[in-house]
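Read off the chains here:
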Amino acid sequence: MESGKMASPKSMPKDAQMMAQILKDMGITEYEPRVINQMLEFAFRYVTTILDDAKIYSSHAKKATVDADDVRLAIQCRADQSFTSPPPRDFLLDIARQRNQTPLPLIKPYSGPRLPPDRYCLTAPNYRLKSLQKKASTPAGRITVPRLSVGSVSSRPSTPTLGTPTPQTMSVSTKVGTPMSLTGQRFTVQMPASQSPAVKASIPATSAVQNVLINPSLIGSKNILITTNMVSQNTTNESSNVLKRKRDDDDDDDDDDDDYDNL
Amino acid sequence: MAALAEEQTEVAVKLEPEGPPTLLPPQAGDGAGEGGSGAPNNGPNGGVGSVAVEDQPDVSAVLSAYNQQGDPTMYEEYYSGLKHFIECSLDCHRAELSQLFYPLFVHMYLELVYNQHENEAKSFFEKFHGDQECYYQDDLRVLSSLTKKEHMKGNETMLDFRTSKFVLRISRDSYQLLKRHLQEKQNNQIWNIVQEHLYIDIFDGMPRSKQQIDAMVGSLAGEAKREANKSKVFFGLLKEPEIEVPLDDEDEEGENEEGKPKKKKPKKDSIGSKSKKQDPNAPPQNRIPLPELKDSDKLDKIMNMKETTKRVRLGPDCLPSICFYTFLNAYQGLTAVDVTDDSSLIAGGFADSTVRVWSVTPKKLRSVKQASDLSLIDKESDDVLERIMDEKTASELKILYGHSGPVYGASFSPDRNYLLSSSEDGTVRLWSLQTFTCLVGYKGHNYPVWDTQFSPYGYYFVSGGHDRVARLWATDHYQPLRIFAGHLADVNCTRFHPNSNYVATGSADRTVRLWDVLNGNCVRIFTGHKGPIHSLTFSPNGRFLATGATDGRVLLWDIGHGLMVGELKGHTDTVCSLRFSRDGEILASGSMDNTVRLWDAIKAFEDLETDDFTTATGHINLPENSQELLLGTYMTKSTPVVHLHFTRRNLVLAAGAYSPQ
């Protein structure tokens, strides 16, 4: 992108002209026109950050105006945070000397893929299957099961948004209109990994919502909020997404505590 | 170029505050202000014993050595006086003594700036910066933006310039002349600077000509001291292990690939083990621990040998064909390319932080089956390696996500199981090419990592980055095994020697250093480039090194003697890729000027003058033979050549991203 494509220097605002001049002084002749805008934005942001900080320091010191010392202090503090530079040379030489003293470790033969200990690798699964029932043994494939807990009728009309409930649950869902029946219900819905948490009206019929188990529970007239958990983004998840049934008595008592309102 | 731009931004924008107050205020006309004042000064990070990254005490100590030693207004006179003296000296001495100009200029300017004589500094700069050599202009531009004392504290390069003495090589006669002149004058200002900041490597013999000097100077710290290039380097190749290859009379392939010995006496692997004697220049086999050969490696070697027999012998009358792989729609985002040794896979690292792997052959890329499926296959079958692959995942392209910044370096492992990628996010990632997932992230550099490479035997890899060091890692250690520190600016390029015992690094400080893997020492320093170095390659016989930089020249170095042996001029822009042919007959260079050039390597390396004088003094007489050595120039359609690769049969593969202008 040649500089000829820029706005002609006369029609540029003064600070853009100044920035172009700075670039020229530093020997940069070829750049996209947007670079000037980016540099100006950066300069503006930097200066305002510094001056804001300086104002804070000055008011902390109960001074009437912001003076050079405040600005200097602001610059110093910011520089330590954002403009870090690589370590100085003597420090590097020092650690290099220490590191280079140890002899090279011998290589163990026949050790398969030579990788660091597992905690330093990225090979561990970064998701955890929640075990749903004591009877059925948890299968080897692990998936997170997001949970929907039903909210009070006043807050959300729930069941119609859950996608295709199985016939088994259909009957239950029709009863959902009344608060009383709502409270006894608890069901989980399987969300496919790629879907956004905006569940309310967007569950496609072809989603992995397969089974909704409504549990007459001991909870009574408690109001439970419909929420969904985010499914972990693990892309190796695409196989074996079978919904697990959930019994209420298996639930931890802290189920009600996971009130994330992700909807 | 990235490194330089970074430097400039740093300097232009950073408004460094004053650090901890120096103990001695600058005193005009006092010659005593030495560096000792800064030492007991503890910085904001606490005690002197702390190994804090920001070594404020050291910085002040370093900079306070610039304390006032002379009258600021006289600096211009001192400098002009010296200039006059040198210009009036004899022709033979003038070229050598002119080397003094640049370091003296910089040090005097920095002294003025440090002592806050801004106006004098400015006028000093104005008056004399035009006299300096053209190849220092970039540095001078950076220097021109350092006008205040606060600016100096943050600029690492300038600090390094100050702490490492600038090395000059001057003959004894010229040196005596200079010394006499400086000492007989009353003001010893310049003599003080010379003694403190410069290292003058004196040699006995004829003074060098301007041409010889120009060939060797240009780096940020002057030239290399002669002792730096004196240690013994084992540049020979390791002996190839003996693999029994079945004799097949008719060149049939695919038959006895397992190398089962037949009834006839099998032919032993004859590459490299022609003589039973140990090559005196080769390192002992167990100098550094290397992984043992697995069965799959032996099979690879057998395939390699078979391909070798079909290899085309190249020469000036038999040039290789070049097959160019153009990356379309990369929108200037292609930042790294690598090709496997058997030329079956190409990996591209992109500015959008992805790494993409393509299959060059019709065979598609497959990933391994899931664990549950793997337990079902028959492990004893012959084609078990085929069966573990999942057909459903076959595709020509695999995209690897994981980095959080542009990917600047890529390297396949020799056994094609792993891929390394280094990125601006400071990590080097190891990817498995069987599952196409990321296995490990090696954190150590906290700054962009510009290049990485696997060792020719696998297991080790080297990475170099913005923090001015190169690190040697092993795949099974999460911390580096060796740290190669010594460069004054970013390490742009890192390459292993074919025998895996040495690592070459090319840097933005315009030097190339050769490091010993065994103990981390720097065994060679090569100066001569006038711009940051972007490409390095070793010759297949391990004796020579070719380097390319932004000045468009390719320089050839003899590793054993530590000398420059050739200069190939022709490219008009940065040389960003270099590769020798498989037997070392041709050197291919690819550049940002959209061309690939082929050079005659055999001719470039023959009849080297390595007599005693040359070896002792490190002086060379380079013949101007670039035109004869150039065998061909091949233009692309506005595609910079980012990577070059010779297949096992000596076909050239080149890669680049089409960037229409």
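Residues numbered from 1 in each chain as written. Chains lettered and ligands numbered in written order. Predicted model: local features only at pLDDT ≥ 70, side-chain atom pairs only at ≥ 80, totals over all residues. Heavy atoms only, no water.

Draft legend 1. Spatial organisation of the overall build of chain B. In terms of regular secondary structure, chain B is built from 18 helices and 31 strands. For chain B, the proportion of its 661 residues judged to be buried stands at 57%. Across chain B, the fraction of contacts at a sequence separation of at least 24, relative to all contacts at a separation of at least 6, is 61%. When the accessible area of chain B is evaluated, it comes to approximately 27700 Å², of which 51% is carbon and sulfur surface. (Helix = DSSP H or I, 4+ residues; strand = E, 2+ residues; numbered from the N terminus. Buried < 20%, exposed > 50% of the residue type's maximum accessible area, 1.4 Å probe, protein only. Contact = heavy atoms within 4.5 Å. Areas by Shrake-Rupley, 256 points an atom, 1.4 Å probe, with all protein chains shown as cover.)

Draft legend 2. Focus on the overall build of chain A. A tally of regular secondary structure across chain A gives 6 helices and 2 strands. Ordered by position from the N terminus, the helices and strands of chain A form the series α-α-α-α-β-α-α-β. Put simply, chain A has 263 residues, and 35% of those count as buried. Considering only contacts within chain A whose residues lie at least 6 apart along the sequence, 73% involve residues at least 24 apart.

Draft legend 3. Geometry of the pattern of salt bridges. In the structure shown here, the tally under the stated rule is 37 salt bridges over all chains. For the salt bridge of Asp 67 of chain A with Lys 63 of chain A, the shortest nitrogen-to-oxygen distance reads 3.3 Å. Assessed through its relative accessible area of 30%, Asp 67 of chain A is described here as partly exposed. With a closest N to O distance of 3.3 Å, Asp 214 of chain B and Lys 210 of chain B form a salt bridge. (Salt bridge = Lys/Arg side-chain N within 4 Å of Asp/Glu carboxyl O.)

Draft legend 4. Region of interest: the pairing of strand β27 (residues 586–591) of chain B. Residue and element names in this part refer to chain B. The element β27 is extensively covered by neighbouring structure, given that 6 of its 6 residues are classed as buried. Side-chain alternation along β27 places Ile 586, Ala 588 and Gly 590 on one buried face and Leu 587, Ser 589 and Ser 591 on a second face that is also buried. As paired elements, strand β26 (residues 575–580) and β27 share 5 bridges and run antiparallel to each other. In the sheet register, Val 575 faces β27, and the bridge partner there is Ser 591. (Pairing = 2+ DSSP bridges.)

Draft legend 5. Just helix α5 (residues 101–114) of chain B, in detail. With 14 residues, α5 of chain B extends 20 Å from end C-alpha to end C-alpha; this agrees with the ideal 20 Å at 1.5 Å per step. One or two residues past the end of α5 of chain B sits Gln 116 of chain B, with phi positive at roughly 65°. (Expected span 1.5 Å × (residues − 1).)

Draft legend 6. Spotlight on the nonpolar core. All names here are of chain B. Counting residues in hydrophobic clusters, the biggest one holds 46 residues, and the most contacted among them are Leu 82, Phe 105, Tyr 109, Leu 110, Phe 124, Leu 143 and Val 194. Element by element, the count of residues in this core is highest for α5, at 11 residues. For Phe 124, the residues in contact, after removing those within four places along its chain, are Tyr 75, Glu 76, Tyr 79, Phe 105, Met 108, Tyr 109 and Leu 112. (Core = buried A, V, L, I, M, F, W, Y, C linked by side-chain atoms within 4.5 Å.)

Draft legend 7. Examining the interface of chain A and chain B more closely. Across the boundary between the two partners, chain A contributes 45 residues, which contact 60 residues of chain B. For the pairing of chain A and chain B, the buried interface totals around 4600 Å² over both sides, and the portion due to carbon and sulfur atoms is 61%. Joining chain A to chain B, the criterion identifies 1 salt bridge. Run the count over chain A and chain B and you get 12 residue pairs in polar contact (both at pLDDT 80 or more). Of all the secondary structure elements, the ones that give two or more residues to the side of chain A that touches chain B are α2 (34–60), α3 (68–82) and α4 (89–101) of chain A. At 9 residues, α4 of chain A tops the list of elements feeding residues into the side of chain A that touches chain B. Residues that form the side of chain A that touches chain B fall into these classes: 30 nonpolar, 7 polar and 8 charged. (Buried area = accessible area lost by both parts, 1.4 Å probe. Polar contact = N/O pair within 3.5 Å; in protein donor to acceptor, adjacent residues only side chain to side chain. Nonpolar A, V, L, I, M, F, W, Y, C, P; charged D, E, K, R; others polar.)

Draft legend 8. Here's a closer look at the packing of aromatic side chains. All names here are of chain B. One pass over the structure, following the stated rule, counts 27 aromatic pairs over all chains. Between Phe 461 and Trp 473, the aromatic rings sit 6.1 Å apart at their centres with planes inclined by 10°, giving stacked as the arrangement. Of the two residues, Phe 461 is situated in strand β15 (residues 460–465) and Trp 473 in strand β16 (residues 469–474); the sequence distance between them amounts to 12 residues. The residues Phe 461 and Trp 473 share a single accessibility class, namely buried. The ring of Tyr 199 carries the charged tip of Lys 225 above its face, separated from the ring centre by 4.3 Å. Taking the ring centre of Tyr 135 as reference, the NZ or CZ of Lys 530 above it sits at 5.0 Å. (Phe/Tyr/Trp six-rings, centres within 6.5 Å; stacked < 30°, edge-to-face > 60°. Lys NZ or Arg CZ within 6 Å of the ring centre and 35° of its normal.)

Draft legend 9. Region of the structure containing the sheet that holds strand β30 (residues 643–646) of chain B. All names here are of chain B. Spatial strand order, β5-β31-β30: 3 strands in an open sheet with mixed pairing. Since the sheet does not close on itself, it has two edges, and those belong to β5 (322–327) and β30, each with one partner. Going across the sheet, the axis of each strand differs from the next one's by a mean of 20°, ignoring polarity. (Axes fitted to C-alpha atoms, helices over the stretch in contact; angles between N-to-C directions.)

Draft legend 10. The domain arrangement of chain B, seen in detail. All names here are of chain B. When the domains of chain B are assigned, the result is domain 1 (71–223) and domain 2 (322–609 + 625–656). Taking only C-alpha atoms, the centre of domain 1 and the centre of domain 2 are 38 Å apart. Facing 17 residues of domain 1, the contacting portion of domain 2 comprises 11 residues. Each partner contributes to the roughly 1100 Å² buried at the junction of domain 1 and domain 2, and carbon and sulfur atoms together form 53% of this total. Looking at the side of domain 1 facing domain 2, the largest losses of area belong to Asp 160, Met 216 and Leu 220, adding up to 35% of the total buried there. (Domains from an automatic or database assignment.)

Draft legend 11. A look at the sheet that holds strand β11 (residues 418–423) of chain B. Residue and element names in this part refer to chain B. Strand order in the open sheet made by the 4 strands is β10-β11-β12-β13, with antiparallel pairing throughout. In the strand order of this sheet, the two ends are held by β10 (407–412) and β13 (438–443), each with one partner. Ignoring which end each strand starts from, the neighbouring axes of this sheet average 20° apart. Two elements, β10 and β11, share 5 bridges in a ladder whose sense is antiparallel. The partner of Ala 410 across the bridge, within β11, is Ser 421.

Draft legend 12. Looking closely at helix α13 (residues 295–309) of chain B. Helix length check: α13 of chain B, at 15 residues, gives a terminal C-alpha distance of 22 Å against a target of 21 Å (1.5 Å per residue), a fit within 8%. Listing the buried residues of α13 of chain B in full gives Asp 297, Ile 302, Met 305, Lys 306 and Glu 307 of chain B.

Draft legend 13. Examining the UniProt feature "repeat: WD" (unreviewed entry) in chain B more closely. Residues and elements named next belong to chain B. The sites that UniProt annotates as "repeat: WD" (unreviewed entry) are residues 327–368, 400–435, 442–473, 484–525, 526–559 and 568–600. Note that residues 327–368 is 0% helix and 43% strand, and that its end C-alpha atoms are spaced 27 Å apart. Across residues 484–525, helical content stands at 0% and strand content at 57%; the span's end C-alpha atoms are separated by 13 Å. (UniProt positions renumbered as here; feature names shortened; annotations may be inferred.)

Draft legend 14. The arrangement of the packing of helix α1 (residues 14–25) of chain A against α2 of chain A in detail. Residues and elements named next belong to chain A. Two elements in contact, α1 and α2, have axes whose closest approach is 10 Å; the angle formed by their N-to-C orientations is 105°. Relative to α2, the element α1 lies roughly perpendicular. Of α2, the residues touching α1 (which contributes Asp 15, Ala 16, Met 19, Ala 20 and Leu 23) are Val 35, Ile 36, Met 39, Leu 40 and Ala 43. Taken together, the residues that form the contact of α1 with α2 break down as 9 nonpolar, no polar and 1 charged. (Parallel < 35°, antiparallel > 145°, perpendicular 65-115°, else oblique.)

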